[in-house]
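# Structural overview for review
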Amino acid sequence: MLIEDTPRDITSIPFAHHGTPALLTPAERGARTAEAPFGSVFTEHMVSLKWTGTDGWHDGEVGPYAPLVLDPAAVGLHYGQSVFEGLKAYRTADGRTAVFRPHAHGDRFRRSAARLLMPELPTQTFVHAVEELVRADAAWVPAEEHRSLYLRPLLFASEAHLALRPAREFRFLLIAFVTERFFGAPRPITVWISEDYARATPGGTGAAKFGGNYAASYAAQARATAEGCDQVVWLDAQERRWVEELGGMNIFFVEGTGAQRRLVTPPLSGTILPGVTRDTILSAAPELGLPVEERPVSVEQWREGCRQGRITEVFACGTAAQVSSVGTVRTADGDFTVGDGSPGPVAGMISDLLAGIERGLAPDPAGWMHYV
Ligand SMILES: Cc1ncc(COP(=O)(O)O)c(C=O)c1O
């Protein structure tokens, strides 16, 4: 395991429970979640915490999901001092609820905050907040195999002060929504290689889950959509040659066939988001007989590798999209196909393994599932 998941022995701050309203009936909840496009059907509760320089973390509460009252001069709104996370709660086949690798997400949340000079929420408190929300919204954790509860922790600067300096007051929020397959019915995705925009530069914020990274990526994603593609592929900002990741996913290449197959993924260079799914695959793949290698791959190598049959599959991975095969690669110079353009067996094998662990059906020796 490359990222540690073991709980740390730090006492979390308490969360008060406020004015929890009567839950929707199962029929009302069912009607609200009949269609669940990503990020649109929110649950009934949220968790909130405050931080100030004098009091540290305080005012932890679990209450109804509700709009905020925010000063118009809040730093987070103006200068974007804001980081977030994305993790999922699953209903296992035996009816329990569990969150996938919350400590790993909590650790990344701390690292993102540190990069933006924001206070670091102790991982144990992060996990405690997650447990509180999952308990409050337990009825929202879907039982259908292709659905889950996506948890969205957010930390932003709430101080009303427009001098250009890091804020001294922050707000942590945790909300949740029901989600299903990110790309709709399972199918290979088409990706657009972005040569005119760059996502992250050395020394920049690419390794942080920082809100501004995503706002800045909209123009490239809009171009990808206009080109008929599902996702943008980012290249390194300096040479515009080396494949880094997708808009919201990391990328793996499968080289070779049969017993010679191996997985290759670009190394974490500081410009790539260190995905928890990426780490999970790097840890689990050798057990499936798939050696792994972290090595840069250029667009020319990708195109040539596909032409020669050396690269047999490519797939994207992330919490939201899980494992999605790339079928077609579109560039300003034309398209090329990965394999025969259909989903590959390695992506299928890894996808099945992750789904098995998430549903509590496959062994979980690393303890990735955190039962709530
Ligand atoms: C830019 C980017 N890369 C990769 C990922 C995949 O990370 P994870 O597997 O932790 O969801 C995400 C999603 O969080 C992302 O936004």
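Small disclaimer: the values here were computed from a predicted structure and weren't measured.

This paragraph deals with the overall build of the protein chain. Per the secondary structure count, the protein chain includes 9 helices and 18 strands. Seen through its C-alpha atoms, the protein chain measures out along the principal axes to roughly 60 × 50 × 40 Å. Residue burial in the protein chain is summarised as follows: out of 372 residues, 51% are buried. Taking as baseline every contact in the protein chain between residues at least 6 positions apart, the subset at least 24 positions apart corresponds to 72%. Accessible surface, the protein chain: about 15,900 Å² in total, of which carbon and sulfur atoms supply 54%.

The next thing to look at is the pairing of strand β12 (residues 250-255). Counting buried positions along β12 gives 6 out of 6 residues, so the element sits mostly inside the fold. Residues Asn250, Phe252 and Val254 point to one face of β12 and Ile251, Phe253 and Glu255 to the other, with burial holding for every one of them. Examined bridge by bridge, β12 and strand β15 (residues 311-318) share 6 bridges and lie antiparallel to one another. Note that in β15 the partner of asparagine 250 across the bridge is cysteine 317. Counted along the chain from β12 to the antiparallel partner strand β13 (residues 262-265), the turn is 6 residues long, and its residue glycine 256 has a positive phi close to 85°.

Attention now moves to the nonpolar core. Nonpolar side chains in soluble globular proteins generally cluster together in the buried interior. Residues Val47, Val130, Leu149, Leu151, Leu155, Phe172 and Leu174 are the most contacted members of the largest nonpolar core, which totals 38 residues. Looking at this core, the elements that each hand over two or more residues are β2 (45-52), β3 (56-64), β5 (87-91), α3 (102-115), α4 (123-136), β7 (148-157) and β8 (169-179). Here this core takes 6 residues from α4, the largest share from any one element. Counting residues in hydrophobic clusters, the runner-up holds 24 residues, among them Met249, Ala316, Val326 and Phe336.

Before going further, it helps to examine the side chain of serine 158. One can find serine 158 in the loop between β7 and β8. In this view, serine 158 contacts Ala74, Glu169, Phe170 and Arg171; residues no more than four positions away in its chain are not counted.

All right, on to the domain arrangement of the protein chain then. In terms of domain boundaries, the protein chain breaks down into domain 1 (16-180) and domain 2 (189-358). The gap between the C-alpha centroids of domain 1 and domain 2 is 28 Å. Summing the contributions of domain 1 and of domain 2, the shared interface buries around 1,700 Å²; its carbon and sulfur component is 60%. Applying the counting criterion to the domain 1 and domain 2 interface returns 12 residue pairs in polar contact (both at pLDDT 80 or more). Looking at the side of domain 1 that touches domain 2, the elements that each hand over two or more residues are β4 (82-84), β5 and α3. Here the element with the most residues in the side of domain 1 that touches domain 2 is α3; it accounts for 6 residues. A breakdown of the residues in the side of domain 1 that touches domain 2 according to their chemical character gives 9 nonpolar, 6 polar and 6 charged.

Close to the ligand lie 17 residues, the nearest being Lys209, Tyr214, Glu245, Thr277 and Thr319. Arginine 108 is positioned such that a nitrogen or oxygen atom in its side chain is 2.8 Å from an oxygen atom of the ligand. Taking lysine 209, its side chain carries an N or O atom lying 2.7 Å from an oxygen atom of the ligand. Its free accessible area being 380 Å², the ligand has 96% of it covered by the protein chains. For the shell around the ligand, the secondary structure elements donating two or more residues are α3, α7 (276-284) and β15. Partitioning the shell around the ligand into residue classes produces 5 nonpolar, 8 polar and 4 charged.

Before going further, it helps to examine the packing of aromatic side chains. Tallying each qualifying case throughout the model produces 15 aromatic pairs. With centroids separated by 5.4 Å and ring planes inclined at 15°, the aromatic side chains of phenylalanine 252 and phenylalanine 315 adopt a geometry described as stacked. Of this pair, phenylalanine 252 sits in strand β12 while phenylalanine 315 sits in strand β15, and the two are 63 residues apart along the sequence. Taking the relative accessible area as the measure of exposure, phenylalanine 252 reaches 0% and is therefore buried.

Attention now goes to the pairing of β2. A large share of β2 lies buried, amounting to 6 of its 8 residues. Bridge count for β2 against β3 is 7 bridges, and the pairing is antiparallel. When the sheet's bridge partners are listed, valine 47 is paired in β3 with valine 62. Strand direction decides the pairing type here: β2 and β8, joined by 6 bridges, are antiparallel.

This paragraph deals with a nonpolar patch on the surface. Where nonpolar side chains cluster on the molecular surface, the patch consists of Leu68, Leu70 and Leu77 and spans about 250 Å² of accessible area. Relative to the helices and strands, leucine 77 is located in helix α2 (residues 75-79).

In the numbering adopted here, UniProt assigns the feature "modified residue: N6-(pyridoxal phosphate)lysine" (unreviewed entry) to Lys209. Looking at the secondary structure, you find lysine 209 in the loop between β9 (189-193) and α5 (211-215). The contact partners of lysine 209, leaving out residues within four places of it in the chain, are Val83, Phe84, Glu85, Gly86, Arg108, Ser112, Tyr214 and Leu273.

Thresholds applied
Residues numbered from 1 in each chain as written. Predicted model: local features only at pLDDT ≥ 70, side-chain atom pairs only at ≥ 80, totals over all residues. Heavy atoms only, no water. Helix = DSSP H or I, 4+ residues; strand = E, 2+ residues; numbered from the N terminus. Buried < 20%, exposed > 50% of the residue type's maximum accessible area, 1.4 Å probe, protein only. Contact = heavy atoms within 4.5 Å. Areas by Shrake-Rupley, 256 points an atom, 1.4 Å probe, with all protein chains shown as cover. Pairing = 2+ DSSP bridges. Core = buried A, V, L, I, M, F, W, Y, C linked by side-chain atoms within 4.5 Å. Domains from an automatic or database assignment. Buried area = accessible area lost by both parts, 1.4 Å probe. Polar contact = N/O pair within 3.5 Å; in protein donor to acceptor, adjacent residues only side chain to side chain. Nonpolar A, V, L, I, M, F, W, Y, C, P; charged D, E, K, R; others polar. Near = heavy atom within 4 Å. Phe/Tyr/Trp six-rings, centres within 6.5 Å; stacked < 30°, edge-to-face > 60°. Patch = residues over 30% accessible without salt bridge, like charges linked within 9 Å, V, L, I, M, F, W, Y side chains within 5 Å. Salt bridge = Lys/Arg side-chain N within 4 Å of Asp/Glu carboxyl O. UniProt positions renumbered as here; feature names shortened; annotations may be inferred.

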